[in-house]
Amino acid sequence: RHVPPPRRLRSGVSFGAEHFGEARCYVQGGLRKVRPYYFDFRTYCKGRWVGRSLAHVLGAEFRARPLAAFRAAARAGRLRLNGEPVRDLDTVLKNNDLIRNTVHRHEPPVTAQPIQILAEDDEVVVVDKPSSLPVHPCGRFRHNTVIFILGKEHNLTELHTIHRLDRMTSGVLMFAKTAEVSKRIDEQVRQRQLEKEYVCRVVGQFPEEEVVCEEPILVVSYKVGVCRVDPKGKSCKTVFQRLSYNGKTSVVRCLPYTGRTHQIRVHLQYLGHPIVNDPIYNMKAWGPERGKGGKIDKTDDELLEALVEEHRAKQSLDVLGISEEDWDPSAGSKDCGSSGDCGESVEPVNGDSCPAEDTKDLERGEIPTGVQSCDTNLGTLGNHQEGSSGEGSAGSVGEEGADEKDPLCPECRISRRDPSPRELVMYLHALRYKGAGFEYCSKMPPWAMEDWQE
């Protein structure tokens, strides 16, 4: 059977009622939760896979799940090749082969704080994004994302991402309604005509005078989403100005002149004033100085292992956007597969909210980079019971999660504590976004008030 090559991706994000009906969302204990649901993940055969057996590819490049798990999926009819159930994992792959794996998907909870629409016209939608929400589907998140909530609860679809915020960063987030508007604002981005202003609360007494940091930033891990200052990194510039000091912590205005991943957070850590509750850059794993001045007495792999272990001990791996099944320390700091090909890793743009986009795990759901972007309609298995439950539901209050367990799902065998709403807030907020002909602002968050106390 001939399988056509992947179609060119659309510039907008297109999700409809069939996608919103995949799962049921509900609010419980200040958290927005998603009932587990069945979902298809797809990938076309890469050039380096041609001539290799399916078993070899699954074992070498999708290592977060053991090969036995894929054999069980094949026996259950959930692993398909070109639409047909896989009977033999020794099948040799050919060019344009389409692999599809059906999984029982669990999404981490996010804050139940609603998305506030700051402005809307024929060209743009501007929202105040709560902390803990990814901008678009990626990693373990799909329904608990800004794109899905806007489509499902506000009937705002076909949106184009203009800029992005880290998952844990709150504040002004702007979408274009048409490709033409998106292209026009993208040109302003390229010409550096946009002004972005953030506010944060940091540890200690930040200097009164303006501070400029131009230290280059290097990505340590795309999967976990960790960066650090390094001479081999990309050039960047952030200007800081203290707004207030309450005797313990300081509120600081941040003006990034470039858009590197985690730029503000990494520069503040380097200056010795990390964000008070930053779940990555204010952790003991960085050493007694918490990474001040770039002093880190660990290799990148040791640092990642220490960060994961620190969150594992707190049962807070969800804050990193990974699960136990996702974490494979043997993969190395840049998260390369055993094929040794890192050429397709993609750095998250402007501090992407889900650095796990390029994770290589067909069972957990992360799609290999270069096949489909996080903004793509991935397709859903619609004939499963849970996949069709709660059609069109915008979320009900106090509803319990699904009792039904999936025998092949490792997540169904794990009991995790819920994060508290307080754990899902980081004190970094996008306050203002200004360009040629527009300026959008949000309110100052409560934790940024001068008289605020922890």
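Residues numbered from 1 in each chain as written. Predicted model: local features only at pLDDT ≥ 70, side-chain atom pairs only at ≥ 80, totals over all residues. Heavy atoms only, no water.

Undergrad: Is there a simple way to explain the overall build of the protein chain in this structure?
TA: Tallying secondary structure elements over the protein chain gives seven helices and 20 strands in all. Considering only residue pairs separated by 6 or more positions, the protein chain has 71% of its internal contacts joining residues 24 or more positions apart. Summed over all atoms, the accessible surface of the protein chain reaches about 19,500 Å², with 48% contributed by carbon and sulfur. (Helix = DSSP H or I, 4+ residues; strand = E, 2+ residues; numbered from the N terminus. Contact = heavy atoms within 4.5 Å. Areas by Shrake-Rupley, 256 points an atom, 1.4 Å probe, with all protein chains shown as cover.)

Undergrad: Would you take a moment to explain the layout of surface pockets for this structure?
TA: A probe matching the size of a water molecule, rolled over the atoms, marks out where space remains unfilled. A volume near 600 Å³ is recorded for the second largest pocket. Around the second largest pocket sit 24 residues that line it, and Tyr-26, Pro-36, His-106, Arg-416 and Asp-418 are the ones nearest its centre. A breakdown of the residues in the lining of the second largest pocket according to their chemical character gives eight nonpolar, five polar and eleven charged. (1 Å grid on protein atoms, 1.4 Å probe; cavity = no way out; pocket = protein on both sides within 12 Å on 5 of 7 lines; lining within 4 Å. Points joined across faces, edges and corners; volume = space filled by probe spheres on them. Nonpolar A, V, L, I, M, F, W, Y, C, P; charged D, E, K, R; others polar.)

Undergrad: Would you take a moment to explain the sheet that holds strand E4 (residues 79–81) for this structure?
TA: Backbone hydrogen bonds are what pair the strands of a sheet, in a parallel or an antiparallel way. Taken in spatial order, the four strands line up as E3-E6-E4-E5 in an open sheet, and their pairing is antiparallel. The open sheet terminates on both sides in strands that have one partner only, identified here as strand E3 (37–44) and strand E5 (84–85). Pairing analysis gives two bridges linking E4 to E5, with the strands arranged antiparallel. Across the sheet, residue Arg-80 finds its bridge partner in E5, namely Pro-85. (Pairing = 2+ DSSP bridges.)

Undergrad: Could you clarify how one ought to interpret helix H5 (residues 179–190) in this entry?
TA: Given 3.6 residues per helical turn, the α-helix brings residues three or four places apart onto the same face. With twelve residues, H5 should reach 16 Å at 1.5 Å per residue; the first-to-last C-alpha distance of 16 Å fits that figure. Among the structural elements, strand E9 (124–129), strand E10 (160–161), strand E11 (170–176), strand E19 (428–435) and strand E20 (438–441) are those in contact with the buried residues of H5. Just downstream of H5, Arg-192 is the residue with a positive phi angle, here 55°. (Expected span 1.5 Å × (residues − 1).)

Undergrad: What should I look at first to understand the nonpolar core in this one?
TA: Formed by 41 residues in total, the largest nonpolar core has its most connected members in Leu-150, Phe-175, Cys-200, Phe-240, Leu-268 and Ile-275. With five residues, the top contributor of residues to this core is helix H4 (residues 146–154). Dropping the residues within four chain positions of it, Phe-240 is found in contact with Phe-206, Glu-209, Glu-210, Val-211, Cys-213, Val-252, Arg-253, Cys-254, Ile-264, His-267, Leu-268 and Leu-271. Listed in part, the 23 residues of the second largest apolar core include Ile-217, Val-220, Tyr-222 and Val-229. (Core = buried A, V, L, I, M, F, W, Y, C linked by side-chain atoms within 4.5 Å. Buried < 20%, exposed > 50% of the residue type's maximum accessible area, 1.4 Å probe, protein only.)

Undergrad: Which parts of the structure should I look at to understand the pairing of E20?
TA: Each regular strand displays side chains that alternate between the two surfaces of the sheet. Going residue by residue along E20, you find Phe-438 and Tyr-440 tucked away on one face and Glu-439 and Cys-441 left uncovered on the opposite face. Two strands pair when backbone bridges link them, and E19 and E20 are joined in this way by four bridges, in the antiparallel orientation. Paired with Tyr-433 across the bridge in E20 is Tyr-440.

Undergrad: Could you clarify how one ought to interpret the packing of aromatic side chains in this entry?
TA: Given two aromatic rings, one states the distance between the centres and the angle between the planes to describe the pair. Here the structure, examined in full by the defined rule, presents eleven aromatic pairs. Grouping aromatic residues by their ring pairs yields a cluster made of Phe-15, Phe-20 and Phe-148. For Arg-105, the ring lying beneath its charged end belongs to Phe-39, and the centroid distance is 4.9 Å. The ring centre of Tyr-257 lies 4.9 Å from the NZ or CZ of Lys-237, which sits over that ring. (Phe/Tyr/Trp six-rings, centres within 6.5 Å; stacked < 30°, edge-to-face > 60°. Lys NZ or Arg CZ within 6 Å of the ring centre and 35° of its normal.)

Read these as geometric descriptors, not functional statements.
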